[in-house]
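Observations on the model geometry
Okay, here's what each chain looks like letter by letter:
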Amino acid sequence: MKKVLSVFLAMLLCFLAVPFSVSAADESYPVEEKFSQNGPNSVKTIVFESGETAYTYYKIWYPENIENSTEKYPVIVYCNGTGMTDEDVNTVNLMTAFASWGYIAISNDHESSGNADSASKGLGLLLDLNENSDSIFYGKVDVDKVGICGFSQGGSGAINGASKGKQPNSSKFKSICALSAPHKDLAASILQNTPYDASKVSVPSFLVAGTGSTDAGSTTSTGICPLGKGLIENMKKINSENVIIGRYTGADHGTIQKSAQPYIIAWFNYTLLNDSFSSTAFVGENAELYSNSKWQDVYNKQSTDLPENPDPDDSLNLQDKVTTKLLTKISKILSKILEVIGKLLSF
């Protein structure tokens, strides 16, 4: 009897193990897995003075063996978030990753990058170095494979950078990735003053954000990059058929760079380098990003199932909110003053 019971329990355990093994197989995302790690190239950096007052330097991240190479390298220009520089740890990690996978990536210490002037000038510097026979970048820049990436206000910078006629080098950007880019009303407000018009962008675009309340918003406040007002609205306006949006589940404004990094690398590989492996994350019936359980609200220009009213119910516009917050603070201050006066009069 004990032997029969033992055999039965063994068979039951085997049966129960099957769904887990299938689930593990289903959770395999090869593109994300590959680009979660740095690439095969060792990375070096070099700094150039900017000659500007708003920011002091440009930093170029590049594969160490570039001097001995006869290849031309694709380029990524990066735009910082508000009050941030390229010394932010997430930015350092992303720029290092770009260079490790064979890109020349250029950043700076500009803390207000939303209008993309510093991005355009940074690309201009790199293009000049490509023509300078004394430079290690001489003849090494692939001028036809240039992308722009930005986080937060830098997301506005990525959109502005590639917008037709916005900056001198706008036409040179062939692909963008905007991470938690402020929705257009916030970007244009007195809080940022970096307005953009997504309809002036006509290149492949990858727009991402997190589902946390800072990005997505709540019933009491507007998010920086909500699904409807931020991602879907910009996707609809961009004049390219190759636009993909998505949100990393559980991530928020401060963590989206790290969370999305593997697919950021893959996006530029796909759109700039026509890399067939990277493209499997974004195109095809079984595109990886759409099935990745860490991501939600992944849509493209061809999607017919866009949600209606996707953002939290929020009847006040941005300016009304600013005014309401100021009035609330003033009211609290006045209440404190009246409370103190009341106590004094009671003596």
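First, a word on scope: everything that follows refers to the structure included in this document.

**Here's the deal with helix 4 (residues 117–131)**
Between its first and last C-alpha, helix 4 extends 22 Å over 15 residues, near the 21 Å set by a 1.5 Å rise per residue. In terms of burial, helix 4 is largely enclosed, as 11 of its 15 residues are buried. Taken together, the buried positions of helix 4 are occupied by Ser-118, Ala-119, Ser-120, Gly-122, Leu-123, Gly-124, Leu-125, Leu-126, Leu-127, Leu-129 and Asn-130. Looking at the buried residues of helix 4, the elements they touch are strand 1 (43–49), strand 2 (57–63), strand 3 (73–79), strand 4 (104–108) and strand 5 (141–151).

**Considerations on the pattern of salt bridges**
Per the stated rule, a full pass over the model turns up eight salt bridges. Between Lys-294 and Glu-32 there is a salt bridge; the shortest N-O distance is 3.0 Å. Residue Lys-294 is located in the loop between helix 11 (288–291) and strand 9 (295–300), and its partner Glu-32 is located in helix 2 (residues 30–35); the two are separated by 262 residues in the primary sequence. One salt bridge connects Asp-297 with Arg-247, and the closest N-O pair in it is separated by 2.8 Å. With Asp-297 in strand 9 and Arg-247 in strand 8 (residues 243–248), this residue pair connects regions lying 50 residues apart in the sequence.

**So, the packing of aromatic side chains**
In this structure the tally under the stated criterion is 15 aromatic pairs. Judged by centre distance (6.4 Å) and plane angle (50 degrees), the rings of Phe-35 and Phe-277 are tilted. Pair noted here: Phe-35 is in helix 2 and Phe-277 is in helix 10 (residues 276–279), with a separation of 242 residues, a long-range link. A ring pair is formed by Tyr-263 and Trp-295, whose centres lie 5.9 Å apart and whose planes are at 80 degrees; its orientation type is edge-to-face. Of this pair, Tyr-263 sits in helix 9 (residues 256–273) while Trp-295 sits in strand 9, and the two are 32 residues apart along the sequence. With a relative accessible area of 0%, Tyr-263 lands in the buried category. The class for Trp-295 is buried, based on a relative accessible area of 6%. One aromatic cluster in this structure is built from Phe-206, Tyr-248, Tyr-263, Trp-267, Tyr-270, Phe-282 and Trp-295.

Definitions and cut-offs
Residues numbered from 1 in each chain as written. Predicted model: local features only at pLDDT ≥ 70, side-chain atom pairs only at ≥ 80, totals over all residues. Heavy atoms only, no water. Helix = DSSP H or I, 4+ residues; strand = E, 2+ residues; numbered from the N terminus. Expected span 1.5 Å × (residues − 1). Buried < 20%, exposed > 50% of the residue type's maximum accessible area, 1.4 Å probe, protein only. Contact = heavy atoms within 4.5 Å. Salt bridge = Lys/Arg side-chain N within 4 Å of Asp/Glu carboxyl O. Phe/Tyr/Trp six-rings, centres within 6.5 Å; stacked < 30°, edge-to-face > 60°.

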